[in-house]
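The residues making up each chain are set out below.
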Amino acid sequence: MPQTRYITSHDVWIGSWFPIFLGNMSSGLPEIVISTYKHKRLHTSRSIRIILLQPSLRFENPLECSLIEISLDESADSQNGYEALSYVWGEPRGHLPLLCDDGILLLTRNCDIALRSLRDPCKPRKLWVDAICIDQAKNPVSTEERNNQVKMMGEVYRKARCVLVWLGDGDEKSGIAFRYLQNIARYGPMRTSQNQTKAKIGGALMLHYVYMLSTFEEQNTSQTRVGPSKLILDSPWTLRTWTTQEVAFAQECDVCWGHSHRHSKMSWENYCDAGNYIRLGMASRGGVEESIESEALSLKYQLRSNLQLGLALGPELSFFLDLAQGSTDAFLRCLDKVHTFKATNPKDIVYGMFEMLKQLDVVLPDPDYNNSTELIYEQLALASIRKTGILPTFDFICTEKRKNQLPSWVPDWEAKPRFQPRFQSYDTSKSADKLQLDMKSPGPGLLTIMGSHKGTIDAVSSHNFPIWEIRDAEKKNLTPEREREIMDHHHAEVLLAWVNWLHLASSIEKYPTGEDWLEVARNTMLPKAPDMVNHEQAFYTWYAIVRNLLEVCQCDLKSEESIAHLSRKIVEDYAKHIFERTPDFVEQAKKAYLCSQPQDETIPRPEFTHQGATQLNRLDMHILSQNTDRSLFITKDGYLGTTFHTVKAGDQIVIFGLTTEPMVVRKAGEFWKVVGPARIHRLDIKPTPVQELESFTFI
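What you see is a predicted model; the values in this text were computed from it and never measured.

The rules behind the values
- Residues numbered from 1 in each chain as written.
- Predicted model: local features only at pLDDT ≥ 70, side-chain atom pairs only at ≥ 80, totals over all residues.
- Heavy atoms only, no water.
- Helix = DSSP H or I, 4+ residues; strand = E, 2+ residues; numbered from the N terminus.
- Buried < 20%, exposed > 50% of the residue type's maximum accessible area, 1.4 Å probe, protein only.
- Contact = heavy atoms within 4.5 Å.
- Pairing = 2+ DSSP bridges.
- Axes fitted to C-alpha atoms, helices over the stretch in contact; angles between N-to-C directions.
- 1 Å grid on protein atoms, 1.4 Å probe; cavity = no way out; pocket = protein on both sides within 12 Å on 5 of 7 lines; lining within 4 Å.
- Points joined across faces, edges and corners; volume = space filled by probe spheres on them.
- Nonpolar A, V, L, I, M, F, W, Y, C, P; charged D, E, K, R; others polar.
- Phe/Tyr/Trp six-rings, centres within 6.5 Å; stacked < 30°, edge-to-face > 60°.
- Lys NZ or Arg CZ within 6 Å of the ring centre and 35° of its normal.
- Salt bridge = Lys/Arg side-chain N within 4 Å of Asp/Glu carboxyl O.
- Polar contact = N/O pair within 3.5 Å; in protein donor to acceptor, adjacent residues only side chain to side chain.
- Core = buried A, V, L, I, M, F, W, Y, C linked by side-chain atoms within 4.5 Å.
- Expected span 1.5 Å × (residues − 1).
- Parallel < 35°, antiparallel > 145°, perpendicular 65-115°, else oblique.
- Left-handed = near helix turned anticlockwise from the far one by under 90°.

Engineer: I would appreciate a short explanation of the overall build of the protein in the present structure.
Structural biologist: Scanning the protein for helices and strands turns up 23 helices and 21 strands. Expressed as a percentage of the 699 residues in the protein, the buried residues total 51%. For the protein, contacts bridging at least 24 residues in sequence account for 71% of all contacts bridging at least 6.

Shown next as structure tokens:
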């Protein structure tokens, strides 16, 4: 018996000739039952469905289409050519009717608006739309088909005549903003013309339209209204996982925006250029904050460029030109941003990139939606290790939240890594040598790696540098007094971390390399400081202040009561002086500095000026950026280092294979768990003979 659904709209058109007015039982009018459309089975594994969208002169007219089956192998024929829609569902389930052959399919609002805007007024239009062309039913047969269709998704978009990116829709003001973007993209490239007159005119016109758009944006932005250009440039489409590979594979790509029952479009390249020119123009007027949307758009642009180059050259030329390293870099950039992408189904965080990863030589098992999310994330972790090596992959393990069932060595790909990935420092072209082919997965959730012990952690800091954030729920009702209270607490936590870390570091009697403990602490807390000379002076100033705090407050770091007293003292006497940007900031900071007279005259004491105060602030910002969510530790051999804050005394330092980066691990019965990557000052890392490497099996 066919599935049925009652259609209660008052204007559903059947065919293109006459309307049937439908009502509900309470109105006394007859109610017509129309079957929910049931997808016919595809004849071959290379088949896809495309829709034949019927024309209409009016935006309001109901949507009508037919589904036809074609082979991807014959899609280049003019008869089978189609366009592919790249869009965001916006809702998990549809509720707006589409008359499809002899039944009804329900669409989300965004899909409905896109089809109404894109249908031709005079002739049918052939489109591929995932929600319609792929059977979304939840049964074993449909799931098996969906697995196969997902596997071909990259090819579907690559063989389309054009990919239509549907960003969304807005009012007429958003249409005006889109036209500004078109003009910015039109004149921006002229800036680099060899003709100086043309370059000057192009640059002036570009900045003119950037200014016009900026002014227009300010006039139409309020607390309850998002600016029209932000609505376009920060469209939800930008952060969706699926849309990344959809544009990456497109031969031709147009970006569309709906407004007032119409739509405007520009090429993908012009759209990306417009965003870049806006940031460039805004930077010339005092800077612009980089958003996660702009970062995601930049990644999409880079991946598309990389894939299109590889597809154009073919595997032979790509190998000859050594593009393998380029594909690895592109893959790592993708992993670095994958947490910013969104998917209704968490499995699509991986499957939404399946074909793109395949093109980047990342080998994954075929999609199977019957698998658990944890297993799919594990498969990506294994593929990542094989592609790039252990270390780049393990950089993504340390996150604030993790799925409970994930093995310790598998990143939660939905969560933001707490550490800045270090993959730029890795020679990933030699990842196979680094692993020495000694990595294997003996079973589900298990990873075995060869490595060598380099030490045991003896002591760990009890206070660490905090994350500065005010949660969205608290922002809504945040008073100035409450914000000041939060800032004071944050400043106190920062200074407590300084006190605790320096106190722990000072317990080192003799460092293995013979260096002074204070110099070791500075180098451990300040890896790759951009301005080491100024940071070195500011660091010693902080040390003088911290030592004064310990002396004045007579703080016992093992006593909670003593720490609470120190916290209050910091807030009252120091935090406000060091951090507050008041007119008398320099004088206040100077008092805090002068009252911390060091007894050790060998400590450099730069003259305290406004520049010195600024250096203190910059040092603090750099310390926070490098050490947030880290704990300081000392090994039993006297080495100082930092790692993820979950570290405990007794954890082990391990070096894997031929790598040179230390990792902190923890014994768990007969197995091991990964804690996170470590930075250890001048740890003696000597190559371990292959025969002396030990086997570590992680769960």
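The structure having been displayed, the exposition proceeds.
Engineer: Would you explain the pairing of strand β8 (residues 96–100) in this entry?
Structural biologist: A regular strand places its side chains on the two faces of the sheet in alternate fashion. Pairing of strand β6 (residues 64–71) with β8 involves two bridges; the strand directions are parallel. Across the sheet, residue E64 finds its bridge partner in β8, namely L99. Here β8 runs beside strand β9 (residues 103–107); their pairing, made up of five bridges, is antiparallel. The residue of β9 that forms the bridge with L96 is L107. As consecutive antiparallel partners, β8 and β9 are separated by two residues, and within that stretch D101 has a phi angle of approximately 55°, a positive value.

Engineer: Explanation requested: the sheet that holds strand β12 (residues 253–259) in the structure shown.
Structural biologist: Whenever strands of a sheet pair, they do so through backbone hydrogen bonds, lying parallel or antiparallel. Here we have nine strands laid out as an open sheet, ordered β9-β8-β6-β5-β10-β7-β11-β12-β13, and mixed in their pairing. Both outer strands of the open sheet, β9 and β13 (262–267), are each paired with one neighbouring strand and no more. Strand-to-strand twist across the sheet, computed as the mean angle between neighbouring axes with direction ignored, equals 40°. In this structure, β12 lies alongside β13, joined through six bridges in antiparallel fashion. By the bridge assignment, W257 is partnered in β13 with S264. Across the sheet, helix α1 (residues 109–118) lies against β5 (47–53), β7 (83–86), β8, β9, β10 (125–128), β11 (162–170), β12 and β13, angled at about 115° from β11, the strand it touches most.

Engineer: It is not clear to me how the environment of W542 should be interpreted in this structure. Could you clarify?
Structural biologist: In this fold, W542 is placed in helix α20 (residues 532–553). On a C-alpha basis, the gap between W542 and D620 in space is 9.2 Å, while along the polypeptide they are 78 residues apart.

Engineer: Could you clarify how one ought to interpret empty space enclosed by the protein in this entry?
Structural biologist: Under the criterion given, the structure shown has one cavity of 30 Å³ or more. Of the pockets and cavities examined, the largest cavity occupies roughly 30 Å³. Contributing to the lining of the largest cavity are L335, V338, H339, F396, D412, W413, A415 and P417. The class makeup of the residues in the lining of the largest cavity is six nonpolar, one polar and one charged.

Engineer: Looking at this model, I keep getting lost on the packing of aromatic side chains. Mind explaining?
Structural biologist: Each aromatic ring pair is specified by the distance between its two centres and by the angle formed by the two planes. For the structure shown, the criterion picks out 17 aromatic pairs. Ring geometry for Y511 versus Y639: centroids 5.7 Å apart, planes at 80°, classification edge-to-face. In this pair, Y511 is assigned in the loop between α18 (480–505) and α19 (517–525) and Y639 in the loop between β15 (630–635) and β16 (640–644), connecting sequence segments 128 residues apart. One Lys or Arg, R146, reaches over the ring of Y369 and ends 5.7 Å from the middle of that ring. For the cation-ring pair, K300 lies above W237, with the distance from its terminal atom to the ring centre recorded as 5.4 Å.

Engineer: Whenever I open this one, the pattern of salt bridges confuses me. Can you help?
Structural biologist: For side chains of opposite charge, pairing can occur when their charged atoms come near one another. In total, this model carries 23 salt bridges according to the counting rule given. Among the salt bridges present, the one from D135 reaches R41, with a minimum N-O distance of 2.6 Å. You can see D135 sitting in the loop between α2 (130–133) and α3 (140–151) and its partner R41 sitting in the loop between β4 (33–35) and β5, a full 94 residues away along the chain. By relative accessible area, D135 is classed as buried at 5%. On the basis of relative accessible area, R41 is assigned to the partly exposed category, the value being 36%.

Engineer: Explanation requested: α19 in the structure shown.
Structural biologist: Each full turn of the α-helix corresponds to 3.6 residues, which orients residues three or four apart in the same direction. The buried fraction of α19 amounts to seven of the nine residues, a majority that puts the element mostly inside the structure. If you check which residues of α19 are buried, you get W517, L518, V520, A521, R522, T524 and M525. Between a side-chain oxygen at the N-terminus of α19 and the backbone nitrogen of L518 the separation is 3.0 Å; the capping residue is D516.

Engineer: Got a minute to help me understand the nonpolar core in this structure?
Structural biologist: Proteins that are soluble and globular tend to have nonpolar side chains buried together. Counting residues in hydrophobic clusters, the biggest one holds 123 residues, and the most contacted among them are I51, Y82, L115, W128, F394 and W409. Take this core: its biggest share by element is seven residues, from helix α14 (residues 373–388).

Engineer: Please explain the side chain of R49 as it appears in this structure.
Structural biologist: With respect to the secondary-structure elements, R49 resides in strand β5. For R49, the side chain forms a polar contact with the main-chain oxygen of K40, separated by 2.7 Å. Side chain to side chain, R49 and E145 meet in a polar contact 3.0 Å long. Setting aside anything within four residues of it in sequence, one finds R49 in contact with H39, K40, R41, L42, L67, I68, E69, W128, C133, I134, D135 and E145.

Engineer: What is the right way to look at α3 in this model?
Structural biologist: Counted at 1.5 Å a residue, the expected span for α3 with its twelve residues is 16 Å, and the 17 Å between its end C-alpha atoms agrees. At the N-terminal end of α3, a side-chain oxygen is found 3.2 Å from the backbone nitrogen of V141, two or three residues along, and the residue is N139.

Engineer: Is there a simple way to explain the pairing of β7 in this structure?
Structural biologist: Because side chains alternate across β7, one face comprises the buried residues E83 and L85, and the other comprises A84 and S86, equally buried. In this sheet, β10 lies alongside β7 in parallel orientation, the contact comprising two bridges. By the bridge assignment, A84 is partnered in β10 with W128. Where β7 lies against β11, four bridges are found, and the strand directions are parallel.

Engineer: I'm lost on the packing of helix α5 (residues 172–187) against helix α6 (residues 196–219) in this one. Help?
Structural biologist: Geometrically, a packed helix pair is captured by the angle between its two axes and the distance between the axes. Between α5 and α6, the shortest axis-to-axis distance is 8 Å and the interhelical angle comes to 160°. One finds that α5 runs roughly antiparallel with respect to α6. Seen along the crossing, α5 lies across α6 with a hand that is left-handed. Contacts from K173, I176, A177, Y180, L181, N183, I184 and Y187 of α5 reach α6 at G202, L205, M206, Y209, V210, M212, L213 and F216. Looking at side-chain class alone, the contact of α5 with α6 contains 13 nonpolar, two polar and one charged residues.

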